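Descriptive analysis of the structure
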Amino acid sequence: MAGSIVLWGAPLSGKTTYLLSLVFWQEHNEDNERYRRLCLLPANASTADWIAAKARTFASGEPLPKTSTVERLEFRLYDLPPRRPRFFQRRTAPSAHVADLTFWDAPGEFFSGPIPDELRPELVRARGLILVVNPLQPPSANGRSSAYWDFFDGALRSVQQAMISARDGGVPVPGFDDTSRKIRYPVAVCLSQADRAANPERDPNEWLGELLGRDQRLLTDWLANKSAFSFSAIGGDRATAGHGDPRPKYVMHPIRWILRESERLGL
Ligand SMILES: Nc1nc2c(ncn2[C@@H]2O[C@H](COP(=O)(O)OP(=O)(O)O)[C@@H](O)[C@H]2O)c(=O)[nH]1
Ligand SMILES: [Mg+2]
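Residues numbered from 1 in each chain as written. Chains lettered and ligands numbered in written order. Predicted model: local features only at pLDDT ≥ 70, side-chain atom pairs only at ≥ 80, totals over all residues. Heavy atoms only, no water.

Considering the environment of Ser 180
Mapped onto the secondary structure, Ser 180 falls in the loop between β6 (176-177) and β7 (182-183). Residue classification places Ser 180 among the partly exposed residues on the basis of a relative accessible area of 37%. When the C-alpha atoms of Ser 180 and Trp 222 are compared, they prove to be 9.3 Å apart, with 42 residues separating the residues in sequence. (Helix = DSSP H or I, 4+ residues; strand = E, 2+ residues; numbered from the N terminus. Buried < 20%, exposed > 50% of the residue type's maximum accessible area, 1.4 Å probe, protein only.)

Printed below as a string of structure tokens:
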């Protein structure tokens, strides 16, 4: 199978909660019963333990604890037939394992600068990258207006350099474009916790442009295939949304887009 989709994001952007939403909560909506669905599941026992422990903590209402170790977590993405197929859909394909998704759970500092060396080989081989930032809380607390740009620049520069050195070492890197020297695999830039914003439904590309200000052009210098997304893993503040399961919004959109784009690009 092709490389993984890698999830990366700023400290406290909502990465763990996003994974909870993908595995447990997803968008449950009547219409979805008529369509094929994507489903994310833990791929091994340690990942299953990790996500189950996070879900229990979330359900207890306690804050998710800070992480002190580095742990590689592996998930599998499945494409499933409709829950309630229409007559003409009766003979649709069965479920299939369509991609893997990798996440490193690690202390916040780990996510604030360049991507650490030990993770780069997987980023070089990846079929796509999900980058998460919180649009209401810049990635670093140093108060610089360029906090968003610093985060993207740090992460993407280290990926590009790793791709160049892999290629120079004779390893084929389909996710890299030799001519333009850009990262070629699809990169979904995600604005998390959209429910906290005054207008969660605003155009994510425009929203991202506003966060980056005059630096927005620079993202295109790194990335040949990018798109902005916004989502909410919880669907609303728990205090105001009351009890019951969270109701995530748009959480599968970046993943669907990466699957489609990586296929189009032959990755
Ligand atoms: N309102 C709201 N809060 C969220 C959402 N996602 C995460 N949070 C909160 O943001 C904080 C950081 O989330 P967490 O998943 O631990 O971030 P991580 O450090 O990137 O893994 C926690 O207090 C979460 O409850 C969301 O979609 N909506
Ligand atoms: Mg976390």
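Once you've had a look at it, read on.
Side note on the environment of Leu 38
Here Leu 38 shows up in strand β2 (residues 37-42). Looking at Leu 38, the relative accessible area reads 5%, which means it is buried. When the C-alpha atoms of Leu 38 and Glu 27 are compared, they prove to be 11 Å apart, with 11 residues separating the residues in sequence. Leaving out residues up to four positions away in the same chain, Leu 38 has contacts with Gln 26, Leu 77, Tyr 78, Asp 79, Val 98, Met 252, Ile 255, Arg 256 and Leu 259. (Contact = heavy atoms within 4.5 Å.)

Things to note about the site of ligand 1
Near ligand 1, the surroundings consist of 14 residues, among which Lys 15, Thr 16, Thr 17, Asp 195 and Ala 233 are the closest. Here Thr 16 contributes a side-chain N or O atom positioned 2.9 Å from an oxygen atom of ligand 1. At 3.0 Å, a side-chain N or O of Gln 193 approaches an oxygen atom of ligand 1. The protein chains hide 80% of the 580 Å² of surface that ligand 1 would expose on its own. For the shell around ligand 1, the class distribution of residues is 5 nonpolar, 6 polar and 3 charged. (Near = heavy atom within 4 Å. Polar contact = N/O pair within 3.5 Å; in protein donor to acceptor, adjacent residues only side chain to side chain. Areas by Shrake-Rupley, 256 points an atom, 1.4 Å probe, with all protein chains shown as cover. Nonpolar A, V, L, I, M, F, W, Y, C, P; charged D, E, K, R; others polar.)

Quick word on the nonpolar core
Formed by 76 residues in total, the largest nonpolar core has its most connected members in Trp 8, Leu 19, Ile 130, Phe 152, Tyr 185 and Ile 255. With 11 residues, the single largest contributor to this core is helix α4 (residues 147-168). Residues within four places of Leu 19 in sequence aside, it is in contact with Leu 7, Leu 40, Trp 50, Ile 51, Phe 75, Leu 101 and Phe 103. (Core = buried A, V, L, I, M, F, W, Y, C linked by side-chain atoms within 4.5 Å.)

Quick notes on the pattern of salt bridges
According to the stated counting rule, one finds 11 salt bridges in the structure shown. Note that Asp 117 is salt-bridged to Arg 120, the shortest N-O span being 3.5 Å. Measuring nitrogen to oxygen at the nearest pair gives 3.0 Å for the salt bridge that ties Arg 167 to Asp 168. Overall, Arg 167 belongs to the partly exposed group, its relative accessible area being 25%. Classification of Asp 168 as exposed rests on a relative accessible area of 56%. (Salt bridge = Lys/Arg side-chain N within 4 Å of Asp/Glu carboxyl O.)

A short note on the sheet that holds strand β4 (residues 96-105)
Read across the sheet, 7 strands follow the order β2-β3-β4-β1-β5-β8-β9 without closing on themselves; strand pairing throughout is mixed. Looking at strand neighbours, the two that pair on one side only are β2 and β9 (226-230), the edges of this open sheet. Averaged over all neighbouring strand pairs, the angle between strand axes comes to 25°, with direction disregarded. Bridge count between strand β3 (residues 71-80) and β4: 9 bridges; the pairing is antiparallel. Each bridged residue has a counterpart across the sheet, and for Leu 73 the counterpart in β4 is Phe 103. Across the sheet, α4 is in contact with β1 (5-9), β5 (128-133) and β8 (187-191); its angle to β5 comes to roughly 155°. (Pairing = 2+ DSSP bridges. Axes fitted to C-alpha atoms, helices over the stretch in contact; angles between N-to-C directions.)

Some remarks on the environment of Ser 165
Locating Ser 165 in the fold gives a position in helix α4. We classify Ser 165 as partly exposed; its relative accessible area is 46%. Between the C-alpha atom of Ser 165 and that of Val 124, which follows or precedes it by 41 residues, the distance is 9.8 Å.

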